[in-house]
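Residue strings, one per chain:
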Amino acid sequence: MAETKRTATLTIDGVSHELPIYSPTAGPDVIDIRKLYAEAGLFTYDPGFTSTASCDSTITFIDGGKGELLHRGYPIDQLAGKSHYLEVCYLLLYGELPSAAELEDFEERVTKHTMLHEQMQNFFRGFRRDAHPMAVMVGVVGAMSAFYHDSTDINDEWQREVASIRLIAKMPTIAAWAYKYHVGQPFVYPRNDLDYASNFLRMCFAVPAEEYEVDPILSRAMDRIFTLHADHEQNASTSTVRLASSSGANPFACIAAGIACLWGPAHGGANQACLEMLQEIGSVDRIPEYIARAKDKNDPFRLMGFGHRVYKNFDPRAKVMKQSADEVLDLMGIENNPVLQVAKELEKQALDDPYFADKKLFPNVDFYSGIILEAMGFPTSMFTPIFALSRTVGWISQWKEQLGDPQMKIGRPRQLYLGETHRDYVDIENR
Ligand code: CMC
């Protein structure tokens, strides 16, 4: 727990309450209101948690004003440029960059857990072919607790570690198989001689009828997409994982809850929604029409891939993603991609528009990611599953941190009740 240096005085009906203020290593100070209800009989009110810190954390920090994202102190652009996904996983999980020996050991542990219990194939086959891959992922990840009983005891440190490695290792297999089932192709088993990103690409795109060579350019781009999505402090899906875990639920159930939350278009579902929006706009001359719609309060339409609760400046992930989109399309020989042109012009026009400037709405991570994923051959329905597999390490790191926190309590928000007060039941014939 952070040190208390100051207090805030809250005076209600002439009675003063001293509330400790804690100073974090970075970010705004926080007022500790935990004793407020016991002392003053009042709740605080903050729908959407816009001003509420729900936990202590040492994993990830976002400076929304500067547009900076740090994992364990390291800036995301340095990690995306110099590191790779499994090293970032190690950093998030254990707090420090690994030595060469530690990294080798970690990579081996992850690689050895990539296969799924064979019977899980029956589980996949129970879904309709046209099921969205996110629906399949929620179900299959939740079902892992029925297949891996020996790593569901959250009070056993060894089981927690095994569950963590299993989830990181098996998520690409689950996402790839959700895709394979959807397109009616045979499941492709993981291969231990491939790195994490190459293995995922192969499981998605190889078919038994011919050899599949993983393109190193695509593999590097895939790895970078995983890295850029690895963690993002207390966002909606991470908070969902922490809330589910606070009741003592097993890790597979908690991560399935996180996947369900991520699916929504305001969160991880925005990458699919964004590419669909860019395709619908279709040409640069239609951009003003869509900008006008996004500004119209009577129209529910929003510019997908724009805006963020925390970033009031460029999302640093979007900057790397934009550069990556240019590189990948260039290296793949895709010239004058119309969707990329629409995206760049839409970004320019929106940033020049006082509506977006005044509200500090900038492109977020989802604005350019879909363009890269589509160029790699993924259908839009796979965008959010790829986000989910990348974010799994963040969810797990936050889950492990929470379980080790002596202050952990079951999450149980209060409410501002505005419904009927006590009334007596009326028999149906008298209503
Ligand atoms: N297009 C048009 N107007 C917008 C947009 C947008 N994309 N985003 C926010 N606004 C407006 C909004 O109408 C509101 O205006 P006013 O103050 O006049 O009522 C103001 O900006 C503040 O918006 P808010 O909804 O109160 O802000 P929030 O912090 O609750 O929502 C957000 C953040 C990300 C849900 C929202 O910006 C949004 O819906 N963006 C589009 C979806 C998207 O790209 N989501 C991905 C987020 S990043 C990846 C992830 O976390 O999964």
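Here the structure is a predicted model, which means the values were calculated and not measured.

Undergrad: Go over the overall build of the protein with me, naming the residues and quoting the values.
TA: Broken down by element type, the protein carries 18 helices and six strands. Scaling as 2.2 N^0.38, a compact globule of 431 residues should have a C-alpha radius of gyration of about 22 Å, and the protein matches this with 23 Å. Structurally, the protein occupies a C-alpha span of about 80 × 65 × 55 Å along its principal axes. Restricting to contacts in the protein with at least 6 residues of sequence separation, those with at least 24 account for 69%.

Undergrad: Residues and numbers for the site of the ligand, please.
TA: The full set close to the ligand counts 22 residues, and His267, Leu303, Gly305, Arg309 and Lys359 are the nearest of them. Taking Leu303, its main chain carries an N or O atom lying 2.7 Å from a nitrogen atom of the ligand. Between the ligand and Tyr355 there is a distance of 3.0 Å, counted from a nitrogen atom to a side-chain nitrogen or oxygen. Look at the ligand: alone it shows 940 Å² of surface, and the protein chains cover 74% of it.

Undergrad: With reference to specific residues and values, describe the pattern of salt bridges.
TA: Counting across every chain of the model gives 19 salt bridges. Of the charged contacts in the structure, one is a salt bridge between Arg109 and Asp105, with a shortest N-O distance of 3.3 Å. Remark: Asp105 and Arg109 occur in helix 4 (residues 100-111); sequence separation between them is four residues, near one turn of the helix. Glu347 is paired through a salt bridge with Lys322; the nearest N and O atoms lie 3.4 Å apart.

Undergrad: For the pairing of strand 2 (residues 15-22), give the residues involved together with the corresponding values.
TA: Taken together, the eight bridges between strand 1 (residues 4-12) and strand 2 define a ladder with antiparallel strand orientation. The residue bridging Thr4 from the neighbouring strand is Tyr22, located in strand 2. Where strand 1 hands over to strand 2, the hairpin turn is made up of two residues, of which Asp13 adopts a positive phi near 50°. Relative to strand 3 (residues 30-31), strand 2 runs antiparallel, the two sharing two bridges. Its bridge partner being in strand 3, Ile21 is matched across the sheet by Ile31.

Undergrad: Explain the packing of aromatic side chains to me, using residue names and the numbers behind them.
TA: Each aromatic ring pair is described using two quantities: the centre-to-centre distance and the angle formed by the ring planes. Scanning the entire structure with this criterion turns up 23 aromatic pairs. Ring plane angle 40° and centroid distance 4.8 Å describe the contact between Tyr37 and Phe43, whose orientation is recorded as tilted. In this structure Tyr37 comes out as partly exposed when scored by relative accessible area, which is 43%. The ring of Tyr181 carries the charged tip of Arg129 above its face, separated from the ring centre by 4.1 Å.

Undergrad: Which residues make up the nonpolar core, and what are the values?
TA: Phe200, Met222 and Phe378 are the most contacted members of the largest nonpolar core, which has 111 residues in total. Counting residues per element, this core draws most heavily on helix 7 (residues 157-183), which supplies 13 residues. Not counting the four nearest positions on each side in its chain, Phe378 is found in contact with Phe200, Leu201, Cys204, Phe205, Met222, Leu373, Phe383 and Ile386.

Undergrad: Got a sec to walk through the packing of helix 9 (residues 216-228) against helix 14 (residues 316-331)? Specific residues and values, please.
TA: Two quantities define a packed helix pair, namely the angle between the helix axes and the distance between the axes. Contact geometry of helix 9 with helix 14 gives a least axis separation of 11 Å together with a crossing angle of 165°. Between helix 9 and helix 14, the interaxial angle falls into the category roughly antiparallel. Crossing hand, helix 9 versus helix 14: left-handed. Each of Ile217, Ala221, Arg224, Ile225 and Leu228 in helix 9 lies in contact with helix 14, whose residues at this interface are Arg317, Val320, Met321, Ser324, Glu327, Val328 and Leu331.

Undergrad: Help me get a handle on the environment of Arg128, residues and values and all.
TA: Along the chain, Arg128 falls in the loop between helix 5 (120-125) and helix 6 (133-147). Assessed through its relative accessible area of 61%, Arg128 is described here as exposed. Distance in space between the C-alpha atoms of Arg128 and Cys55 is 40 Å, their sequence separation being 73 residues. In this structure the side chain of Arg128 is engaged in a polar contact, spanning 2.7 Å, whose partner is the side chain of Asp130.

Undergrad: Quick rundown of the sheet that holds strand 3? Include the residues and the values.
TA: The pairing of strands in a sheet comes from backbone hydrogen bonds and takes either a parallel or an antiparallel form. Spatially, three strands are ordered 1-2-3 in an open sheet, and the strand pairing comes out antiparallel. The sheet terminates laterally at strand 1 and strand 3, the two strands that pair on one side only.

Undergrad: For the sheet that holds strand 5 (residues 68-71), give the residues involved together with the corresponding values.
TA: Pairing is antiparallel across the open sheet formed by three strands, whose spatial order is 4-5-6. On the outer flanks of this sheet lie strand 4 (60-63) and strand 6 (74-75), each paired with one strand and no other. One ladder, built from four bridges, connects strand 4 with strand 5; its direction is antiparallel. Of the residues in strand 5, the one forming a bridge with Asp63 is Glu68.

Reading the values: rules and limits
- Residues numbered from 1 in each chain as written.
- Predicted model: local features only at pLDDT ≥ 70, side-chain atom pairs only at ≥ 80, totals over all residues.
- Heavy atoms only, no water.
- Helix = DSSP H or I, 4+ residues; strand = E, 2+ residues; numbered from the N terminus.
- Rg over C-alpha atoms; globule rule 2.2 N^0.38 Å.
- Contact = heavy atoms within 4.5 Å.
- Near = heavy atom within 4 Å.
- Polar contact = N/O pair within 3.5 Å; in protein donor to acceptor, adjacent residues only side chain to side chain.
- Areas by Shrake-Rupley, 256 points an atom, 1.4 Å probe, with all protein chains shown as cover.
- Salt bridge = Lys/Arg side-chain N within 4 Å of Asp/Glu carboxyl O.
- Pairing = 2+ DSSP bridges.
- Phe/Tyr/Trp six-rings, centres within 6.5 Å; stacked < 30°, edge-to-face > 60°.
- Buried < 20%, exposed > 50% of the residue type's maximum accessible area, 1.4 Å probe, protein only.
- Lys NZ or Arg CZ within 6 Å of the ring centre and 35° of its normal.
- Core = buried A, V, L, I, M, F, W, Y, C linked by side-chain atoms within 4.5 Å.
- Axes fitted to C-alpha atoms, helices over the stretch in contact; angles between N-to-C directions.
- Parallel < 35°, antiparallel > 145°, perpendicular 65-115°, else oblique.
- Left-handed = near helix turned anticlockwise from the far one by under 90°.

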